[in-house]
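Residues per chain, in single letters:
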Amino acid sequence: MQLKFLKMDPADGTPYSDVVECGEMLYLSGLVSEDFESGELVCGDITVQTRQVLNNLAALLERYGSDMEHVVRVEVLLTDYTLSGGMNEEYVKHFDAAHRPSRMCYGGVELYEGCLIEVMATAVKK
């Protein structure tokens, strides 16, 4: 099976791929609340950051041939697990109730530049 190692910006110097395509599967690296157009982090509370992260996820999925209904697994990292309630309030707005992926949620992790949330996902291509 052929693997494709995909980067949104090959010149960004990060030591990982944004997406690895393996057959019909897409494995996405961790996403934070970066605004893809400006490259700046979107600051704010957990709701604001969760919204940005999941919008980033949707944009990457669209770019590489999938969508939110084809996400099969999500891993959520939070700086503090007490943020999970606010994260969940926004999270459920991004997934159809009939197509919610399996999920693991971790708390107590230090994340990039003060981010409150990071999300990794696995999806099937459409």
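Since the structure is predicted, the reported quantities are computational estimates derived from the model, not experimental observations.

(A) A look at the pattern of salt bridges. A full pass over the atoms with the stated rule returns five salt bridges. For lysine 4, the salt bridge is made with glutamate 21, and the minimal N-O distance between the two is 3.8 Å. Of this pair, lysine 4 sits in strand S1 (residues 3–6) while glutamate 21 sits in strand S2 (residues 19–22), and the two are 17 residues apart along the sequence. Two residues, glutamate 90 and arginine 51, come together in a salt bridge whose shortest N-O distance is 3.3 Å. Within this pair, whereas glutamate 90 is found in helix H2 (residues 84–91), its partner arginine 51 is found in helix H1 (residues 46–63), the two being separated by 39 residues in sequence. Judged by its relative accessible area of 3%, glutamate 90 falls in the buried class. Members of the salt-bridge network, linked through shared partners, are Lys4, Glu21 and Lys125.

(B) Focus on H2. Buried residues of H2: Ser84, Met87, Glu90 and Tyr91, and no others. All buried residues of H2 fall inside an arc of 125 degrees around its axis, so they share one side. Those residues of H2 that are buried lie in contact with H1, strand S4 (71–78), strand S5 (102–106) and strand S6 (117–124).

(C) Structural context of the packing of aromatic side chains. One pass over the full model with this rule turns up one aromatic pair. Note on tyrosine 91 and phenylalanine 95: the rings are 4.8 Å apart at their centroids and 40 degrees apart in plane angle, and the pair reads as tilted. Of the residues examined, phenylalanine 95 reaches a relative accessible area of 4% and is grouped as buried. The positively charged end of lysine 7 is found above the aromatic ring belonging to tyrosine 16, 5.0 Å away from the centroid. Sitting over the face of the ring of tyrosine 91, arginine 103 holds its NZ or CZ atom 4.6 Å from the ring centroid.

(D) Quick look at the layout of surface pockets. Approximately 400 Å³ is the volume found for the largest pocket. For the largest pocket, the lining is made up of 15 residues, of which Asp12, Tyr16, Asp18, Glu34 and Phe36 are closest to its centre. Elements supplying a minimum of two residues to the lining of the largest pocket: strand S3 (25–31) and H1. Per-element accounting of the lining of the largest pocket gives the leading share, three residues, to S3. Broken down by class, the residue content of the lining of the largest pocket amounts to six nonpolar, four polar and five charged.

About the cut-offs
- Residues numbered from 1 in each chain as written.
- Predicted model: local features only at pLDDT ≥ 70, side-chain atom pairs only at ≥ 80, totals over all residues.
- Heavy atoms only, no water.
- Salt bridge = Lys/Arg side-chain N within 4 Å of Asp/Glu carboxyl O.
- Helix = DSSP H or I, 4+ residues; strand = E, 2+ residues; numbered from the N terminus.
- Buried < 20%, exposed > 50% of the residue type's maximum accessible area, 1.4 Å probe, protein only.
- Arc of directions from axis to C-beta.
- Contact = heavy atoms within 4.5 Å.
- Phe/Tyr/Trp six-rings, centres within 6.5 Å; stacked < 30°, edge-to-face > 60°.
- Lys NZ or Arg CZ within 6 Å of the ring centre and 35° of its normal.
- 1 Å grid on protein atoms, 1.4 Å probe; cavity = no way out; pocket = protein on both sides within 12 Å on 5 of 7 lines; lining within 4 Å.
- Points joined across faces, edges and corners; volume = space filled by probe spheres on them.
- Nonpolar A, V, L, I, M, F, W, Y, C, P; charged D, E, K, R; others polar.

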